[in-house]
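Architecture at a glance
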There are 2 protein chains.
Amino acid sequence: MDVPRPGTNDRETPRGGASRYPKGVARRQEILDRTIEVFATNGAERTSLRAIADAIGVSHAALLHYFASREELLVEVLREDERVRGGSHDESEIVSVMLNAAERNVSIPGLVALYSTMLAGSLETDKTVSREYFVPRFERIRTMLIERISAGQKAGTVRADVEPEAMAALIIAASDGLQTQWLLEPKVDIAKSLALLNRILEP
Amino acid sequence: MDVPRPGTNDRETPRGGASRYPKGVARRQEILDRTIEVFATNGAERTSLRAIADAIGVSHAALLHYFASREELLVEVLREDERVRGGSHDESEIVSVMLNAAERNVSIPGLVALYSTMLAGSLETDKTVSREYFVPRFERIRTMLIERISAGQKAGTVRADVEPEAMAALIIAASDGLQTQWLLEPKVDIAKSLALLNRILEP
């Protein structure tokens, strides 16, 4: 996890640096990249803003220049991960889209744990930053799946008797939950379970 | 959340009290009951052993007499919740068992957030207490579901072309994930999604 990243040796504090594109942007990106590594190594409880600042070699104040709070930084890591993925438009069948995402997620150390930790936190009343991220995220994925399920029903590739809304929520839940189970018990087969879901959705 | 519980006014420290059955047992039970309330009110980050001790009106040391660490106490709350539920043997169809459990879980403030937080934590390498709870828990539920799915296939109520192992993991994942989605977005219908899963499992 301690692979050096570009810019790691550039240790001056970026006070006011965010406006000096592209240096501020590069530093911000470095913070996001290193945060997931610190999280994977330290776990949630020892991933404080201070621990991340130490790992990157910037001051705590410099970190706060880019991200207003620990919660904001951690949510931004998840947003960034979505942005990176957003570039590859996946035109394959419904459940394959989820399988591709799931297999990618479990391949990045700390990512599923970070996602799960932030998601669990978003269920708490004071975690508005997390909730403002997760509620629209789920809504977006549900909408994408509803469109694909409806299109599949019109094309005759998905059984006509499933309600797209209920099915979309189920597919997301299955994908999220299988990633956790697999990380705890490698004999759980994400691909096999999602393929099974795909098969029972056929007409 | 601040409903007084039996024994709340009994404030002497229970040093050595665990052996004086039933007083130690009652105090231990009180700690478990109040912990979930403190978690629901404070959230994970502010549910320290000290915060729980303050809420119950015992010393931090007294709390450590019953539970060796915060992680042990929080895992014990989940174990206790399973024990309470274990009393009611549910003979209904496969997915109904999960639906009954899911509906009960989301009705207890803080329970899904606590479960999700501890589960996310168990993905971190140093969280052995949590992992030693969740790995066998998932194994137990998968085994229970595999037996029911196999029995259903023999009885002709479940389609013969689903692999019981893959289906069991999928049902647990769906149930866990739907509880989270519903807490974030009440229009997500746990019952409808699980009923749909039930329906597409029919021969």
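Everything numeric in this text was worked out from a predicted model, so none of it was measured. (Residues numbered from 1 in each chain as written. Chains lettered and ligands numbered in written order. Predicted model: local features only at pLDDT ≥ 70, side-chain atom pairs only at ≥ 80, totals over all residues. Heavy atoms only, no water.)

**What about the overall build of chain A?**
- When helices and strands are counted, chain A shows 9 helices and 0 strands.
- In chain A, the succession of helices and strands from N to C terminus is α-α-α-α-α-α-α-α-α.
- The burial tally for chain A puts 50% of its 203 residues in the buried class.
- Long-range pairs, those at least 24 residues apart, make up 63% of the contacts in chain A with a sequence separation of at least 6.
- Accessible surface computed for chain A: about 9,300 Å², of which carbon and sulfur atoms make up 55%. (Helix = DSSP H or I, 4+ residues; strand = E, 2+ residues; numbered from the N terminus. Buried < 20%, exposed > 50% of the residue type's maximum accessible area, 1.4 Å probe, protein only. Contact = heavy atoms within 4.5 Å. Areas by Shrake-Rupley, 256 points an atom, 1.4 Å probe, with all protein chains shown as cover.)

**Section: the UniProt feature "DNA-binding region" (unreviewed entry) in chain A**
- Per the UniProt record, "DNA-binding region" (unreviewed entry) is annotated on residues 48-67 of chain A.
- Taken end to end, residues 48-67 of chain A has its terminal C-alpha atoms 13 Å apart, with 75% of it in helix and 0% in strand. (UniProt positions renumbered as here; feature names shortened; annotations may be inferred.)

**Re the interface of chain A and chain B**
- Every contact between the two is made by 50 residues of chain A and, on the other side, 50 residues of chain B.
- With both chains or domains summed, chain A and chain B bury close to 4,100 Å², and 63% of this area falls on carbon and sulfur atoms.
- Our enumeration of links across chain A and chain B arrives at 12 salt bridges.
- For B:Arg199, the salt bridge identified is with A:Asp161, shortest N-O distance 3.5 Å. (Buried area = accessible area lost by both parts, 1.4 Å probe. Salt bridge = Lys/Arg side-chain N within 4 Å of Asp/Glu carboxyl O.)

**A closer look at the packing of aromatic side chains**
- Scanning the model with the defined rule gives 6 aromatic pairs over all chains in all.
- Judged by centre distance (5.5 Å) and plane angle (80°), the rings of B:Tyr115 and B:Phe134 are edge-to-face. Residue B:Tyr115 is located in helix 6 (residues 111-121), and its partner B:Phe134 is located in helix 7 (residues 128-155); the two are separated by 19 residues in the primary sequence. Accessibility classification places B:Tyr115 together with B:Phe134 in one group, the buried group.
- Of the aromatic side chains, those joined through ring pairs into one cluster are A:Tyr115, A:Tyr133, A:Phe134 and A:Phe138. (Phe/Tyr/Trp six-rings, centres within 6.5 Å; stacked < 30°, edge-to-face > 60°.)

**Overview of empty space enclosed by the protein**
- Throughout the structure, instances matching the rule amount to 2 cavities of 30 Å³ or more.
- By volume, the largest cavity amounts to about 320 Å³.
- Listing elements by their share of the lining of the largest cavity, those giving two or more residues are helix 6 (111-122) and helix 8 (164-184) of chain A together with helix 6 and helix 8 (164-184) of chain B.
- Taken together, the residues of the lining of the largest cavity break down into 14 nonpolar, 10 polar and 2 charged.
- Estimated volume of the second largest cavity: approximately 50 Å³.
- Around the second largest cavity sit B:Leu78, B:Asp81, B:Arg85, B:Asn105, B:Leu111, B:Val112, B:Tyr115, B:Arg137 and B:Gln179, which together line it.
- Listing elements by their share of the lining of the second largest cavity, those giving two or more residues are helix 4 (70-86) and helix 6 of chain B.
- Taken together, the residues that form the lining of the second largest cavity break down as 4 nonpolar, 2 polar and 3 charged. (1 Å grid on protein atoms, 1.4 Å probe; cavity = no way out; pocket = protein on both sides within 12 Å on 5 of 7 lines; lining within 4 Å. Points joined across faces, edges and corners; volume = space filled by probe spheres on them. Nonpolar A, V, L, I, M, F, W, Y, C, P; charged D, E, K, R; others polar.)

**Observations concerning the relation of the copies chain A and chain B**
- Rotating chain A by 180° and moving it 0.0 Å along the rotation axis overlays it on chain B with an RMSD of 0.0 Å. Seen this way, the second copy is the image of the first under a two-fold rotation axis. Taking C-alpha positions as the reference, the residue of chain A nearest the rotation axis is A:Ala174, at 2.2 Å.
- Interface overlap between copies: 100% of the residues of chain A at the interface are likewise at the interface in chain B, consistent with a symmetric, same-surface contact. (Least-squares fit on C-alpha atoms with pLDDT ≥ 70 in both.)

**Focus on the nonpolar core**
- Residues A:Met167, A:Ile171, B:Met167 and B:Ile171 are the most contacted members of the largest nonpolar core, which totals 120 residues.
- Ignoring sequence-local partners within four residues, the contact set of A:Met167 consists of A:Ile149, A:Val162, A:Leu197, A:Leu201, B:Leu196 and B:Ile200. (Core = buried A, V, L, I, M, F, W, Y, C linked by side-chain atoms within 4.5 Å.)

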